[in-house]
Amino acid sequence: MDPLKTKKTSKPVAIIVELFGTARIACGQHEVALELPASPTLADLASSLASACPELIGNAILDDMSGLMKSYTLNLNGTAFVSDAPGQHIELQDGDRLLLFSSQAGG
């Protein structure tokens, strides 16, 4: 399944965002549970995540909550990176896991 589509679905889904590195330290949690539309934009996701963990604003999420800071990226279920293209929708299903980490993290 291609995680990036333009089709919108109105049914909400329950997902988990796993936090790594500085995001985990700032939030003080390993993961955050969110309920989102099945086809949110990155701005929708960032806004919901900022509401659940305001400490991420300015650390991983842009101050205006419109997306992620340039040094951060999302991965869907460990298999596909999520695009930050404006207006791009992320197709989500109940139980999906989004991994939020710094793209500058070393191994």
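Please read these numbers as outputs of a predicted model, since none were measured by experiment. Note on numbering: residues in each chain are counted from 1, in written sequence order. Note on the predicted model: pLDDT of at least 70 is required for a residue's local features to be given, and 80 or more for side-chain atom pairs to be given and counted; whole-chain, interface and lining totals, by contrast, use all residues. The side-chain values count all of the structure's non-hydrogen atoms but skip hydrogen atoms and water molecules.

1. Section: the environment of Asp94
- Helix and strand labels come from DSSP, where a helix needs a run of H or I of at least four residues and a strand needs a run of E of at least two; each type is numbered from the N terminus. Positionally, Asp94 belongs in the loop between strand 6 (89-90) and strand 7 (97-102).
- We call two residues in contact whenever any of their non-hydrogen atoms come within 4.5 Å of each other. Residue contacts for Asp94: discarding those within four places in its chain leaves Lys11, Pro12, Val13 and Ala14.
- Within the local environment of Asp94, its side chain forms a polar contact with the backbone nitrogen of Ala14, the two atoms lying 2.7 Å apart. Whenever two N or O atoms come within 3.5 Å, that pair is a polar contact, provided that in protein one can donate a hydrogen and the other can accept it, and provided that, for residues adjacent in sequence, both atoms are side-chain atoms.

2. Observations regarding the confidence of the model for the protein
- Confidence of the prediction at every residue is given by pLDDT, a number between 0 and 100. Summary statistics for the protein give a mean pLDDT of 88 and a share of 88% for residues scoring 70 or more.
- Across the protein, strand 2 (residues 12-19) holds the top mean pLDDT of 96, while strand 1 (residues 4-5) sits lowest at 49.
- Counting interchain partners and residues more than four positions distant, the pLDDT-below-50 stretch residues 4-9 has 18 contacts.

3. Topic: the pattern of salt bridges
- One speaks of a salt bridge when a side-chain nitrogen belonging to Lys or Arg is within 4 Å of a carboxyl oxygen belonging to Asp or Glu. One pass over the structure, following the stated rule, counts two salt bridges.
- A salt bridge links Arg97 to Glu18; the nearest nitrogen and oxygen atoms lie 2.7 Å apart. Taken together, the residues Arg97 in strand 7 and Glu18 in strand 2 connect sequence positions 79 residues apart.
- Given a relative accessible area of 28%, Arg97 falls into the partly exposed group.
- The shortest N-O distance in the salt bridge between Arg97 and Glu31 comes to 2.5 Å. Of this pair, Arg97 sits in strand 7 while Glu31 sits in strand 3 (residues 31-37); the two residues are 66 residues apart in sequence, bridging distant segments of the chain. Only protein chains enter the calculation, and the probe is 1.4 Å; a residue is then buried if its accessible area is under 20% of its type maximum, exposed if over 50%, and partly exposed in between.

4. Re the layout of surface pockets
- Here the largest pocket is characterised by a volume of approximately 260 Å³.
- Any residue with an atom within 4 Å of a point lines the site, the site being either a cavity, points on a 1 Å grid over the protein atoms alone where a 1.4 Å probe fits but cannot get out, or a pocket, an open set with protein on both sides within 12 Å along at least 5 of 7 lines. Contributing to the lining of the largest pocket are 19 residues, with Leu42, Gly67, Leu68, Asp84 and Ala85 lying nearest its centre.
- Among the elements of the structure, helix 2 (42-52) and strand 4 (72-76) are those that each provide at least two residues to the lining of the largest pocket.
- Looking at the lining of the largest pocket element by element, the count peaks at three residues for strand 4.
- Residues were grouped as follows: Ala, Val, Leu, Ile, Met, Phe, Trp, Tyr, Cys and Pro as nonpolar; Asp, Glu, Lys and Arg as charged; and all remaining residues, including Gly, as polar. When its residues are assigned to classes, the lining of the largest pocket shows ten nonpolar, seven polar and two charged. Grid points are joined across faces, edges and corners, and a volume is the space filled by probe spheres set on the points.

5. Points about the nonpolar core
- Throughout, nonpolar core names a set of buried Ala, Val, Leu, Ile, Met, Phe, Trp, Tyr and Cys residues whose side chains join them through atoms within 4.5 Å. Counting residues in each nonpolar core, the largest one holds 28 residues, and the members touching the most others are Ile15, Val17, Leu45, Leu56, Leu98 and Leu100.
- In contact with Leu45, other than residues within four places in its own chain, are Ile15, Val17, Leu34, Leu36, Leu74, Ile90 and Leu98.

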